[in-house]
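Examining the three-dimensional arrangement
In case you want the letters, here they are:
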Amino acid sequence: MAERLLWASTPAVRRGGGKAGGMGPLAGQLGEWVCRAVQPPAPRVCGSPGGPPVTAKRVRLSDGRHLAYEESGVPREVARYRIVFSHGFTGSRLDSLRASPEVAEELGVYMVAFDRAGYGESDPNPSRSVKSAASDMAELADALGLGDKFYVVGVSLGCHAVWGALKYIPDRIAGAAMMAPVVNYWWPGLPAAAAAREYGKQSYGDQWALRVSHHAPGILHWWMEQSWLPTSTVVDNTTFLPNKRDAEIRRTLTADGTLQKKKEMATQQGITESYYRDMTVMFGKWEFDPTALPEPPCPVHLWQGDEDGLVPVALQRHVAGKLRWVNYHELPGTGHFLSGVPGLGNTVLRTLFG
């Protein structure tokens, strides 16, 4: 798999003869220029001089960062079930399962969604990782008094936080749900041939964006900003979507300006600490392999469409098949945007709590 997925190796440096002494100053200047060129701009932190204003409710974490959050459902003081929700790529604290207020009231469900680090009005975290994503959820739950155990729900790329919770804080989790979770093609437990095949089905630009995210995350910002290099169609919202509902949702949200507004909100502190940091965390080198996790002390559910143009259903089936404790729900004729599936939010709540 590594040979198939690795980007082209850098030509080997020739050793031996030749006089290179005169190249020293020039090489040093070139190195300095390269360092400056690949260095991303500093984030415009919310609430700082020159930064966007703080308009959301926020909690302060143990490392001094702030997380912005949005609550929905019944009041947390009277809730029977409390959910921490992790939004997907390009998302925000305003995203949700889109369950009906009536079902949330009937079941007694409270949910808090938050801007993940660097998104919206949550402070950036240059050291962001899968582990820190899980820790952020735990600290948010503690700050809001959600109790010793709480439920976690993730959407798309935001599910890396759920995998992190199952790895690092399993005793805090009462139950988990993942909606079309993105996979990392470099997870060791994925079949090499299948991972290479599905990786190769992506557009040329997406393949390169993931290669750089995995092998050279330090230059991802520079790479993504070069118009002459192949870059991500996901960031540009031009990915081919085989599912008709997905394609129609994107057309509608593009036409009415919703996607542009979501992008402006998500990246207001800078695209590096939001979108690009997401890519390097999700497709970088993980400290663990999710397909090798032991069974956690809570139920775990996973929903996946069989016409998903962003997450290969073939790899998702392998993940679910290897983790026998995952309750796998495959949705026929369904794509990636599961929030657009009528009634699915209610189904998820009833499955978790009914």
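Below is a short write-up of the structure. (Residues numbered from 1 in each chain as written. Predicted model: local features only at pLDDT ≥ 70, side-chain atom pairs only at ≥ 80, totals over all residues. Heavy atoms only, no water.)

1. Things to note about the overall build of the protein
- For the protein, the helix and strand inventory stands at 14 helices and 8 strands.
- A buried classification covers 51% of the 354 residues belonging to the protein.
- Across the protein, every contact between residues at least 6 apart in sequence was considered, and the portion connecting residues at least 24 apart equals 77%.
- For the protein, the exposed area adds up to about 16,700 Å²; of that, 54% sits on carbon and sulfur atoms. (Helix = DSSP H or I, 4+ residues; strand = E, 2+ residues; numbered from the N terminus. Buried < 20%, exposed > 50% of the residue type's maximum accessible area, 1.4 Å probe, protein only. Contact = heavy atoms within 4.5 Å. Areas by Shrake-Rupley, 256 points an atom, 1.4 Å probe, with all protein chains shown as cover.)

2. Focus: the packing of helix H4 (residues 130-143) against helix H5 (residues 160-168)
- At their nearest, the axes of H4 and H5 sit 8 Å apart, and the two run at 85 degrees to each other. As judged from the angle between their axes, H4 and H5 are roughly perpendicular. Contact with H4, carried on its side by Val130, Lys131, Ala133, Ala134 and Met137, involves His160, Ala161, Val162, Gly164, Ala165 and Tyr168 of H5 and no other residues of that element.
- Tallied by class, the residues present in the contact of H4 with H5 amount to 8 nonpolar, 2 polar and 1 charged. (Axes fitted to C-alpha atoms, helices over the stretch in contact; angles between N-to-C directions. Parallel < 35°, antiparallel > 145°, perpendicular 65-115°, else oblique. Nonpolar A, V, L, I, M, F, W, Y, C, P; charged D, E, K, R; others polar.)

3. What about the sheet that holds strand S2 (residues 66-73)?
- With respect to topology, 8 strands assemble into an open sheet ordered S1-S2-S4-S3-S5-S6-S7-S8, the strand pairing being mixed. This sheet does not close on itself; its edge strands, each paired only once, are strand S1 (57-60) and strand S8 (326-331). Here the average twist between neighbouring strands, direction ignored, is 25 degrees.
- When strand S3 (residues 81-86) meets strand S4 (residues 109-114), the two strands line up parallel, connected through 6 bridges. For arginine 82, the partnering residue across the bridge sits in S4 and is tyrosine 110. (Pairing = 2+ DSSP bridges.)

4. A short note on the pattern of salt bridges
- Within the structure shown, the criterion is met by 16 salt bridges.
- Aspartate 95 is the salt-bridge partner of lysine 262, the closest N and O atoms lying 3.3 Å from each other. In this pair, lysine 262 sits in helix H11 (residues 258-266) while aspartate 95 sits in the loop between S3 and helix H3 (101-107), placing the two residues 167 residues apart along the sequence.
- On the accessibility criterion, lysine 262 (25% relative accessible area) is partly exposed.
- Residue aspartate 95 is classed as partly exposed on the basis of its relative accessible area of 22%.
- Put simply, arginine 277 and glutamate 273 hold a salt bridge, and the shortest N to O gap is 2.5 Å. Remark: glutamate 273 and arginine 277 occur in helix H12 (residues 272-283); sequence separation between them is 4 residues, near one turn of the helix. (Salt bridge = Lys/Arg side-chain N within 4 Å of Asp/Glu carboxyl O.)

5. Notes on unusual backbone geometry
- At serine 156, a position not held by glycine, the phi torsion is positive, near 55 degrees.
- Within the secondary structure, serine 156 is located in the loop between strand S5 (150-155) and H5.
- Classification of serine 156 by relative accessible area gives buried; the value is 11%.
- Positive phi, close to 50 degrees, is recorded for alanine 180, a residue that is not glycine.
- Exposure remark for alanine 180: the relative accessible area of 1% places this residue in the buried category.

6. Thoughts on the packing of aromatic side chains
- Counted according to the given criterion, the structure contains 14 aromatic pairs.
- Relative to tryptophan 187, the ring of tryptophan 163 lies with its centre 6.3 Å away and its plane at 80 degrees, an arrangement referred to as edge-to-face. Of the two residues, tryptophan 163 is situated in helix H5 and tryptophan 187 in the loop between strand S6 (173-179) and helix H6 (192-200); the sequence distance between them amounts to 24 residues. Accessibility assignment for this pair places tryptophan 163 and tryptophan 187 in one class, buried.
- Over the face of the ring belonging to tryptophan 208 we find arginine 211, whose NZ or CZ atom lies 4.8 Å from the ring centre. (Phe/Tyr/Trp six-rings, centres within 6.5 Å; stacked < 30°, edge-to-face > 60°. Lys NZ or Arg CZ within 6 Å of the ring centre and 35° of its normal.)

7. Focus on the packing of helix H7 (residues 204-215) against H12
- Running from N to C, H7 and H12 point in directions that differ by 75 degrees, and their axes come no closer than 8 Å. One element, H7, and the other, H12, form an angle in the roughly perpendicular class. Contacts between H7 and H12 involve Ala209, Leu210, Ser213 and His214 from the first element and Met279, Thr280 and Phe283 from the second.
- A class-by-class count of the residues in the contact of H7 with H12 yields 4 nonpolar, 3 polar and no charged.

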